[in-house]
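The residues making up each chain are set out below.
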Amino acid sequence: MPNQESIYYCHPVFRPPSEAYSLLIQATEGCSFRCNFCMSNLRKKFIIRDVKDIKKDLDIGRKIHGPNVKKIFFLDGNAMVMPTEKLLEITKYARKVFPFVRCGVYAHAKDILKKSDEELRELNKAGLGIAYVGFESGSDKLLKMMNKHTTKEELISASKKLMKSGIILSATLILGLGGDNKDLSELSVINSADLVNRICPDDDILWYIACLTLMVPPGTELFERKVKNEFHEMGTLDILKELYHFIEKINFKNNPNANCVFRTNHASNYLPIGGILDQDKLKILKTIKMGIENPNILRPDSYRAL
C-alpha cells in the first residue's frame, strides 16, 4: 500500500497552547522579527510559502482528517505578515476545504496596523477568527530592550483595530522579562496593566489575556547576556509577586462585565490560573497569594517548558 501524502512542516513548529488540537498548516516559516528572548528564528530563515503549496497541504489535510476539521492554525511566528491577498486566498480556500473551520495566526502589532480595517474585516469574513499577539510588556523601555519592534501605543491601536474587525484578540505578557531588576519589574507591571485596561472594549466580545513566564533558551540574545552575567533571571516568588501586582492593577472601569478570559496555563508558568477579568480578580489574587505562601505547590523548574 503506498504511503499517504504528508503535510509539510519546517521543524520545530511554533503554535499557541490553545491550538494543540488544531490542524497545523505551514503558511510562513520562522518570524519576520527577531526579539531578544525568542528562539523562533534560531534555526529558520523567514519565508512566506507559495500559496499553491499551502493549498496542497490543505488538500492533504482533508484526505487525512476529512471535511469536519474545526480549527486550523497557520504557522509560524507571525503569519499575519503575509500580503492580505495571499492570506485571504488561503483562508478562503481553508473554508472551502473545511466548511466549518476557524483559522488562527500569530500576529505582530505592526502586521495588524499595516492592514486596513476593510482588509481585516474581509479576513474575518473569510474565516480568520483569532489572532495571537505577543504584547510581552506594556513598558516601552522593556519592549525596546527586547528588540520587540513595537510600542505600547501601537499595541493598544492594533488590539482595538483587531477587535473592531471581529477577529478575536488573544494576547500574551511575559512575567520576569526585566530579570531581577525591581525598577524594570515595576515599570512592566504598571504599564502592562494600563495597556490591558485601555484596550478593554465597551461591549461583551470575547478576548483573551495570558501570562507566560520568561525562559531563556540557548542561542537567543538574552541567553548571551545571561552567560556574560549581564542579565539575571527573576526568582520564582518574585515572579508570582509581579503577577499579583499586575492583577491588582486591572480595573475595567468602562466595562466591569467585560468578557476577558485570563490564563496562566502555559507550561512555562509556576502556577496555572484561570478566570474572567476583572470579575474574578479577587479569586485570582487569592490563588496567587496561596502560591506565594505555599511554594511546594508550584510547578518545579524541571517541568517547565516553552
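Above: the structure in question.
What you see is a predicted model, and the numbers here were worked out from it, not measured in a lab.

**Q** Explain the pairing of strand β8 (residues 206-213) to me, please; I cannot follow it from the model alone.
**A** Where a strand is regular, its side chains alternate between the two sheet faces. Two elements, strand β7 (residues 168-175) and β8, share six bridges in a ladder whose sense is parallel. Bridging across to β8, T172 finds its partner in A210. You can see the chain leave β7, run along helix α7 (residues 182-199) and come back into β8, and the turn it takes is right-handed. Looking at chain direction, β8 and strand β9 (residues 259-263) are connected through five bridges and run parallel. By the bridge assignment, W207 is partnered in β9 with C260.

**Q** Sorry if this is basic, but what is going on with unusual backbone geometry here?
**A** Where the residue is not glycine, phi is negative for most of them; where a peptide bond is considered, it is trans in most cases. Omega for the bond connecting L75 with D76 falls within 30 degrees of zero, at 15 degrees, which places this linkage in the cis form. Of note, D76 is situated in the loop between β4 (71-75) and α2 (84-97). Here the amide bond leading from L277 into D278 is cis, since omega sits at -10 degrees, within 30 degrees of zero. Take D278: it is sitting in the loop between β10 (274-277) and α10 (281-293). In the Ramachandran plot, N229 falls in the positive-phi region, its phi being about 65 degrees despite a non-glycine side chain. Here N229 lies in the loop between α8 (221-227) and α9 (236-248). Judged by its relative accessible area of 54%, N229 is exposed.

**Q** What am I meant to see in the pattern of salt bridges here?
**A** Here the idea is simple: oppositely charged side chains can pair when their charged atoms come close. Scanning the model with the defined rule gives 14 salt bridges in all. E19 serves as the salt-bridge partner of R102, at 2.9 Å between the closest nitrogen and oxygen. Here R102 is found in strand β5 (residues 102-107), whereas its partner E19 is found in the segment before β1 (23-26), with 83 residues between them in sequence. A salt bridge links E233 to K226; the nearest nitrogen and oxygen atoms lie 2.4 Å apart.

**Q** Is there a simple way to think about the sheet that holds β10 in this case?
**A** Consider a sheet: its strands pair through backbone hydrogen bonds, and that pairing is either parallel or antiparallel. Spatially, β1-β4-β5-β6-β7-β8-β9-β10 is the arrangement adopted by the eight strands of the open sheet, whose pairing is mixed. Two strands bound the open sheet, and with one partner strand each, they are β1 and β10. Ignoring strand direction, the axes of neighbouring strands in this sheet form an average angle of 25 degrees. By the bridge criterion, four bridges tie β1 to β4 in an arrangement that is parallel. Bridging from a neighbouring strand, I25 pairs with F74 of β4. Of the strands in this sheet, β9 and β10 are in contact with α10, which crosses β10 at around 140 degrees.

About the criteria used
- Residues numbered from 1 in each chain as written.
- Predicted model: local features only at pLDDT ≥ 70, side-chain atom pairs only at ≥ 80, totals over all residues.
- Heavy atoms only, no water.
- Pairing = 2+ DSSP bridges.
- Helix = DSSP H or I, 4+ residues; strand = E, 2+ residues; numbered from the N terminus.
- Right-handed = clockwise from strand over helix to strand, strands pointing away.
- Buried < 20%, exposed > 50% of the residue type's maximum accessible area, 1.4 Å probe, protein only.
- Salt bridge = Lys/Arg side-chain N within 4 Å of Asp/Glu carboxyl O.
- Axes fitted to C-alpha atoms, helices over the stretch in contact; angles between N-to-C directions.
- Contact = heavy atoms within 4.5 Å.

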